[in-house]
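What follows is the residue order along each chain.
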Amino acid sequence: MKVLGIESSCDETAASVWADGKILSNVIATQAVHEQFGGVVPELASRAHHKTIWKTTSQALDESGVKIEEIDAIAVAQGPGLMGSLLVGLSFAKGLALTYKKPLIGINHIDAHLYANFIEYEETYPFVGLIVSGGHTRLVYVDKAFSHELLGDTRDDAAGEAFDKIGKLLGLSYPAGPVVDKLAKKGDPQFHDFPRSMINKGLDFSFSGLKTSVLYYTQEKGDDFVQNHLNDICASVSAAITDVLVAKLKRAVKKKKVKHVMLAGGVSANSMLRKKMSQFADDQDLDLMIPALQYCTDNAAMIAVTGALKARLGDFDDLSLKPFARVS
């Protein structure tokens, strides 16, 4: 099975080839145009996808050594995401499928983050997965491929969104999440006790209160204090977010009585979260799956491997496939 994966859900134009159980190429074109605005501008994102998607896909095919004629199926991110960006990728994939008479597979971007772990780990069920990204923070129980039970979801800001918004409050460049992580490594996580919303309640998440708390704290302390203690503040913020994430995962694992746990999404690249997750798994003798850094943020390798799983089940789509902006 040879699958071409195409990803364009937000501000990364990506293409990848999965063949015979491994990733042969994974090309990502990052859109730097959004940095000056401190966030993704949807119209600019879709235009950038339009300019780069053919070059990105051609490079992925060249690096893999697989010709488009040899591809067995084309998998493309269907949603959730920015509608304009998704339409570019979906239309391009449909064009390839029609031209070369290849089966088309629409991929749920959030599912793909989970199954990215199967690029490097053996496919294993059941498991509890923690998906942590800029737009989503959710806990799911998976007993077999594409059989998901939603255990917990975000009620307001997702964890990645909280990192980026708090980083912006601190004057950090976009995307702020990786910058907060870098600075936090040099700071004291116990410097300030920021709130851990809903940490002892249920499996849902809420991070908007943390953002407000940081805003009031920095306003009270002043710019000079913030700049002099930036590392410590970043470490304290990271501790507050990751404590909640790990606490909720512990509760979900206890509820579902699983031995396999999975971390996924862009925030799974956060070093403090990876360390706490590893410690939790070691303490509880759990099998932990965490994707390599290159498969944490948006990429097409996760689309390709998820496409291969769906192709195995004979789950294909036709040219009426439509994008969707949100998941219910």
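Rules of the game
Residues numbered from 1 in each chain as written. Predicted model: local features only at pLDDT ≥ 70, side-chain atom pairs only at ≥ 80, totals over all residues. Heavy atoms only, no water. Helix = DSSP H or I, 4+ residues; strand = E, 2+ residues; numbered from the N terminus. Contact = heavy atoms within 4.5 Å. Pairing = 2+ DSSP bridges. Axes fitted to C-alpha atoms, helices over the stretch in contact; angles between N-to-C directions. Buried < 20%, exposed > 50% of the residue type's maximum accessible area, 1.4 Å probe, protein only. Right-handed = clockwise from strand over helix to strand, strands pointing away. Phe/Tyr/Trp six-rings, centres within 6.5 Å; stacked < 30°, edge-to-face > 60°. Expected span 1.5 Å × (residues − 1). Arc of directions from axis to C-beta. Bend = angle between axes of the 7 residues up to and from the residue.

Enquirer: Provide a residue-level description of the side chain of Lys 310, including the pertinent values.
Expert: Along the chain, the position of Lys 310 falls in helix α10 (residues 301-312). Here Lys 310 is in contact with Ile 105, Gly 106, Ile 107, Phe 146 and Asp 315, once residues within four sequence places are set aside.

Enquirer: Can you break down the sheet that holds strand β5 (residues 104-108) residue by residue, with the values?
Expert: Strand order in the open sheet made by the five strands is β3-β2-β1-β4-β5, with mixed pairing throughout. Whereas interior strands pair on both sides, the edge strands pair on one side only; in this sheet they are β3 (22-30) and β5. Averaged over all neighbouring strand pairs, the angle between strand axes comes to 20 degrees, with direction disregarded. Running over the sheet, helix α1 (residues 42-64) touches β1 (2-7), β2 (12-19) and β3 and is turned about 25 degrees from β2.

Enquirer: Lay out unusual backbone geometry in plain terms, naming residues and giving numbers.
Expert: Here the amide bond leading from Tyr 125 into Pro 126 is cis, since omega sits at -10 degrees, within 30 degrees of zero. Relative to the assigned elements, Pro 126 resides in the loop between α3 (109-115) and β6 (127-132). Tyr 174 connects to Pro 175 through a cis peptide bond whose omega is -5 degrees. By secondary structure assignment, the location of Pro 175 is in the loop between α4 (159-169) and α5 (176-184). With phi around 55 degrees, Asp 20 is a residue other than glycine that occupies positive phi space. Structurally, the position occupied by Asp 20 is in the loop between β2 and β3. Despite not being glycine, Lys 257 shows a phi value in the positive range, around 55 degrees. Note on placement: Lys 257 falls in the loop between α8 (230-256) and β9 (260-264). Accessibility expressed as a relative area gives 71% for Lys 257, which makes it exposed.

Enquirer: So, the pairing of β5: which residues are in play, and what are the values?
Expert: Burial within β5 is extensive, with four of its five residues counted as buried. Pairing between strand β4 (residues 73-79) and β5: five bridges, direction parallel. Residue pairing across strands places Ala 75 opposite Ile 105, the latter belonging to β5. This β-α-β element, β4 to helix α2 (residues 83-100) to β5, shows right-handed connectivity.

Enquirer: Explain the packing of aromatic side chains to me, and be specific about the residues and the numbers.
Expert: If you walk through the whole model with that rule in mind, you get 10 aromatic pairs. Relative to Phe 146, the ring of Tyr 115 has its centre 5.0 Å away and its plane inclined at 55 degrees; by these criteria the two rings are tilted. Of this pair, Tyr 115 sits in helix α3 while Phe 146 sits in the loop between β7 (137-144) and β8 (147-152); the two residues are 31 residues apart in sequence, bridging distant segments of the chain. Taking relative accessible area as the criterion, Tyr 115 reaches 0% and is therefore assigned buried. Ring geometry for Phe 118 against Tyr 125: centres 5.8 Å apart, planes inclined by 75 degrees, an arrangement best described as edge-to-face. Given a relative accessible area of 7%, Phe 118 falls into the buried group. Counting every residue linked through ring pairs, the aromatic cluster contains Tyr 115, Phe 118, Tyr 125, Phe 127 and Phe 146.

Enquirer: So what's going on with helix α6 (residues 208-221)? Residues and values would help.
Expert: Compared with an ideal rise of 1.5 Å per residue, which puts 14 residues at 20 Å, α6 spans 20 Å between its outermost C-alpha atoms and is within 8% of the ideal. Of the residues making up α6, those classed as buried are Leu 210, Val 214, Tyr 217 and Thr 218. Viewed along the axis of α6, the buried residues span an arc of 95 degrees, placing them on a single side of the element. Pointing more than 90 degrees away from the buried face of α6 are the exposed residues Tyr 216, Gln 219 and Glu 220.

Enquirer: Please provide a residue-by-residue account of α1, values included.
Expert: Compared with the 33 Å implied by 1.5 Å per residue over 23 residues, the 31 Å span of α1 between its first and last C-alpha is a close match. If you look at α1, its biggest bend is around 45 degrees, right at Thr 52. Those residues of α1 that fall on the buried side of the exposure criterion are Ala 45, Ser 46, Ala 48, His 49, Ile 53, Thr 56, Thr 57, Ser 58, Ala 60, Leu 61 and Ser 64. Buried residues belonging to α1 abut β1, β2, β3 and α2. Just downstream of α1, Gly 65 is the residue with a positive phi angle, here 80 degrees.

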